[in-house]
Amino acid sequence: MDLENQARIKKAAEEFGAENLIVILGGAEAEAAGLAAETVSAGDPTFAGPLAGVPLGLAVYHVIEDEIKSECDAAVYEEQIGMMEMVLDVEAIKNEVSSIRKQYSKY
Amino acid sequence: MLKGKKVAILGDRDGIPGGAIEAVLATAGAEVVFSTTECFV
């Protein structure tokens, strides 16, 4: 995950409180989405960025997960995301991100 | 779950971009504190 974005996530968690912040991902690949989810919950697994050794424990979801989709307006969702949802490996992404969340998210 | 919550968006240029995620989360009442579109290539 981009080092600058790690810094922004860290700052936002400090400013608003980790319990009040949710990270929403849009990654195309399950592996990349899982890596980003791990970075904001358990800390940077590559030990390269500001979140190395910083387990923020943030709640993290991919935008295609049912928990998020069900709370959004269906027409807007279809217009903005419907097309990509058809081409992404939705099940793999859901499994990867929810697995990371269950292991490392504290909120 | 999203209503009134602060959200940070990490979109993906080859997946779902930050702007599209912002648009749908706005309909759920979430407050976007930052939004970006990464490029993983």
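Look above for the structure.
Right, let's walk through the structure included here. This is a predicted model, so every value here is computed, not measured. Here the residue numbers are simple positions, counted from 1 along each chain's written sequence. Chain letters start at A and ligand numbers start at 1, both assigned in the order the entries are written. In view of the model being predicted, local features appear only for residues whose pLDDT reaches at least 70, and side-chain atom pairs are presented and counted only at 80 or more, with totals across whole chains, interfaces and linings using the full set of residues.

Bringing the pairing of strand β1 (residues 21-25) of chain A into the picture now. Here a residue counts as buried when 20 or more other C-beta atoms fall within 10 Å of its C-beta, as exposed when 12 or fewer do, and as partly exposed in between; the C-beta atoms come from the backbone. Each helix is a run of DSSP H or I of at least 4 residues and each strand a run of E of at least 2, with the numbering of both proceeding from the N terminus. Burial analysis of β1 of chain A places five of its five residues in the buried class, the great majority of the element. Because side chains alternate across β1 of chain A, one face comprises the buried residues L21, V23 and L25 of chain A, and the other comprises I22 and I24 of chain A, equally buried. Note: two strands are recorded as paired if DSSP finds a minimum of 2 bridges between them. Note that β1 of chain A and strand β1 (residues 6-12) of chain B share five bridges and pair parallel. Within β1 of chain B, the residue paired with L21 of chain A across the bridge is K6 of chain B. By the bridge criterion, four bridges tie β1 of chain A to strand β2 (residues 59-62) of chain A in an arrangement that is parallel.

Glancing now at the interface of chain A and chain B. Throughout, a pair of residues is in contact if the C-beta atoms placed from their backbones lie within 7 Å. Taken together, the 28 residues of chain A in the interface contact 27 residues of chain B. Gly is put with the polar residues, along with every residue not named as nonpolar or charged; the nonpolar set is Ala, Val, Leu, Ile, Met, Phe, Trp, Tyr, Cys and Pro, and the charged set is Asp, Glu, Lys and Arg. Taken together, the residues of the side of chain A that touches chain B sort by class into 18 nonpolar, five polar and five charged.

Right, let's talk about the environment of L2 of chain B for a bit. With respect to the secondary-structure elements, L2 of chain B resides in the segment before β1. The spatial distance from the C-alpha of L2 of chain B to the C-alpha of A28 of chain B is 6.2 Å, given a sequence separation of 26 residues. When sequence neighbours within four positions are dropped, the list of residues in contact with L2 of chain B reads E71 of chain A together with L25, A28, G29 and A30 of chain B.

Turning to the sheet that holds β1 of chain A, a few remarks are in order. Strand order across the open sheet formed by four strands is β2(A)-β1(A)-β1(B)-β2(B), with parallel pairing between neighbours. At either end of the open sheet lies a strand with only one pairing partner, and these are β2 of chain A together with β2 (31-38) of chain B. If you compare each strand with its neighbour and ignore which way they point, the axes differ by 20° on average. Against the sheet, helix α1 (residues 3-16) of chain A touches β1 of chain A together with β1 and β2 of chain B, its axis set at about 170° to β2 of chain B. Angles run from 0 to 180 degrees between N-to-C directions of axes, and those axes are lines fitted to C-alpha atoms, restricted for helices to the stretch in contact.

Quick look at the environment of A8 of chain B now. Here A8 of chain B shows up in strand β1. For A8 of chain B and V33 of chain B, which are 25 residues apart along the polypeptide, the C-alpha to C-alpha distance reads 5.7 Å. Contact partners of A8 of chain B, with chain neighbours within four places excluded, come to I9, A12, L21 and V23 of chain A together with V33 and F34 of chain B.

Moving on, we come to unusual backbone geometry. At F47 of chain A, a position not held by glycine, the phi torsion is positive, near 50°. With 9 C-beta atoms packed within 10 Å, F47 of chain A lands in the exposed category.

Each nonpolar core consists of buried Ala, Val, Leu, Ile, Met, Phe, Trp, Tyr and Cys residues. Their C-beta atoms, within 7 Å, join them into a set. V23, I24, L25, L58, V60 and V63 of chain A are the most contacted members of the largest nonpolar core, which totals 42 residues. Looking at this core, the elements that each hand over two or more residues are α1, β1, α2 (30-41), β2, α4 (74-87) and α5 (90-104) of chain A together with β1 and α1 (18-26) of chain B. For L58 of chain A, the residues in contact, after removing those within four places along its chain, are A13, A18, L21, V23, V40, S41, S105 and Y107 of chain A.

This next bit is on α1 of chain B. Listed in full, the buried residues belonging to α1 of chain B are G18, A20, I21, V24 and L25 of chain B. Seen along its axis, α1 of chain B keeps its buried residues to an arc of 160°; they face one direction. On its buried side, α1 of chain B packs onto β1 and α4 of chain A together with β1 and β2 of chain B. Arc definition: it is the arc formed by the directions from the helix axis to the C-beta atoms.

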